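Examination of the molecular architecture
Chain by chain, the residues run as shown.
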Amino acid sequence: MADESDAAQQADELCALQAIYGEEAVRVLEVGPGAAAYAFSVPDAGSQPRLEVRAHLPATYPSQHPPIVELQCGLLPPDVLAGLAAELEGMFVPGEVALWNWLEHLRERWADLAPQQQAAAGDSSEAAAGSGGDADAALAAELQAAELLGNEAGEGGGRQAAQQRQQREGDAELEAALAEVVDTVVHGEPFTEKRSTFQAHLAPASSMQHVEALMELLLQNNKIRAATHNIMAFRIEQAERGTFLQDYDDDGETAAGGRLLHLLQMVDARNVCVVVSRWYGGILLGPARFTHINNAAREVLDACGYIAGKESSGKGSSSSSSKGKKR
């Protein structure tokens, strides 16, 4: 027998999902007591391949029974889809709405499940497993700024690097920014929590070209490119206007970019771009992942003097290029 509050909780959950992901991302197939059904795409509707999720809500959800979930992906075998559905059902706690947790779990698992990403996931397995200091040290060694340019043609990245160079031809401003940024990139110490590895990267930025250059340099490295998420935020002072040019990119980790930008604002970090890479290890961290992302960023910001009130001002590239860089 359905609890009287089930319908109300279902309605509230729908509103919450639409607020988090956007109304266009939550496709309502049916609505009504005992007949509600929603559809989602993981990681999003524009991705190929993608996982299609249909959730049918029984009248006794969430008080007694979980949603009935259907998973479809032509490139994943039926046993994998069935196992994934069983994982979701096992996460259900009677009395608690489940769809947000389920979708976040699927989004985090997608990096491991997507067929076209399995090879890249193999390259980053040492960092994602994160069970020993040797793996962290090996990852850090590969993330030196000098290597990011020097290895463009290595590790299977030659074709992509050549395409990137062709795209940059004639863009003198970006070429100049790349030359400036490569000597100032700082990589924080990688650390692991429940098999997820986090590492922050930082570079001074006084223009959008510097932000674009940092992202291009980082993504030339196979391990960084294979990270589950590369969350970015930047804050550039525009003294003549008394304002800041600032923005962020969640890179699939919903709300993480906004929290990272909020950290930059709280510590009054200026003229800097920060990227935090996360290699998902298969264990959900819940809201704690946001703490780890911000802690990784705070540590490298502090090491480079970008936190207001610290001894080093960090407002220029000379101070930040000499601290915290992995050698």
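In what follows, the structure referred to is the one given above.
Residues numbered from 1 in each chain as written. Predicted model: local features only at pLDDT ≥ 70, side-chain atom pairs only at ≥ 80, totals over all residues. Heavy atoms only, no water.

**With respect to the overall build of the chain**
What counts, and what does not: Per the convention used, a helix needs a DSSP run of H or I reaching at least four residues, while a strand needs a run of E reaching at least two, with both numbered from the N terminus. Each residue is assigned to one of three classes by its accessible area relative to the maximum for its type, calculated with a 1.4 Å probe on protein chains only: buried under 20%, partly exposed between the two thresholds, exposed over 50%. Note on definitions: a residue-residue contact is assigned when non-hydrogen atoms from the two residues lie within 4.5 Å. All accessible-area figures derive from a Shrake-Rupley calculation using a 1.4 Å probe, and residue coverage is judged against the displayed protein chains alone.
Scanning the chain from terminus to terminus reveals 14 helices and ten strands. With 327 residues in all, the chain has 47% of them scored as buried. If you take every contact in the chain between residues at least 6 apart in sequence, the share linking residues at least 24 apart comes to 64%. Looking at the chain as shown, the accessible area adds up to about 15200 Å², and 50% of this sits on carbon and sulfur atoms.

**Side note on the nonpolar core**
To keep it simple, the criterion reads: In plain words, nonpolar cores are sets of buried Ala, Val, Leu, Ile, Met, Phe, Trp, Tyr and Cys residues tied together by side-chain atoms within 4.5 Å.
Core analysis: the biggest nonpolar cluster contains 29 residues, and Leu-51, Val-53, Leu-71, Leu-99 and Leu-106 have the highest contact counts within it. Ranked by residues supplied to this core, first place goes to helix α3 (residues 99–113) with six residues. Not counting the four nearest positions on each side in its chain, Leu-71 is found in contact with Leu-51, Glu-52, Val-53, Leu-81, Leu-84, Ala-85 and Leu-106. Core analysis: the second largest hydrophobic core is formed by 26 residues, Val-186, Val-267, Phe-290 and Leu-301 among them.

**Quick look at the environment of Val-267**
Among the structural elements, Val-267 can be located in the loop between α12 (256–266) and β10 (272–279). Discounting chain neighbours no more than four positions away, the residues touching Val-267 are Arg-298, Tyr-306, Ile-307 and Ala-308.

**Regarding α12**
Applicable threshold: This arc corresponds to the set of directions leading from the helix axis out to the C-beta atoms.
Here α12 has its buried residues at Ala-256, Gly-257, Leu-260, Leu-261, Leu-263 and Leu-264. Projected down its long axis, α12 shows its buried positions confined to an angular sector of 150°, all on one face. Buried residues belonging to α12 abut β8 (229–238), β9 (243–249), β10 and α13 (288–303). Backbone geometry just after α12 places Asp-268 at a positive phi near 60°.

**Digging into the pattern of salt bridges**
Rules: Should a side-chain nitrogen of Lys or Arg be within 4 Å of a carboxyl oxygen of Asp or Glu, the pair is scored as a salt bridge.
Applying the stated criterion to the full structure yields twelve salt bridges. The partner of Arg-278 in a salt bridge is Glu-253, and the shortest N-O contact between them spans 3.1 Å. Of this pair, Arg-278 sits in strand β10 while Glu-253 is found in the loop between β9 and α12, placing the two residues 25 residues apart along the sequence. Note on Arg-278: relative accessible area 0%, which makes it buried. Counted as one network, the salt bridges with shared partners bring together Glu-104, Arg-107, Glu-108, Glu-253, Arg-278 and Arg-289.

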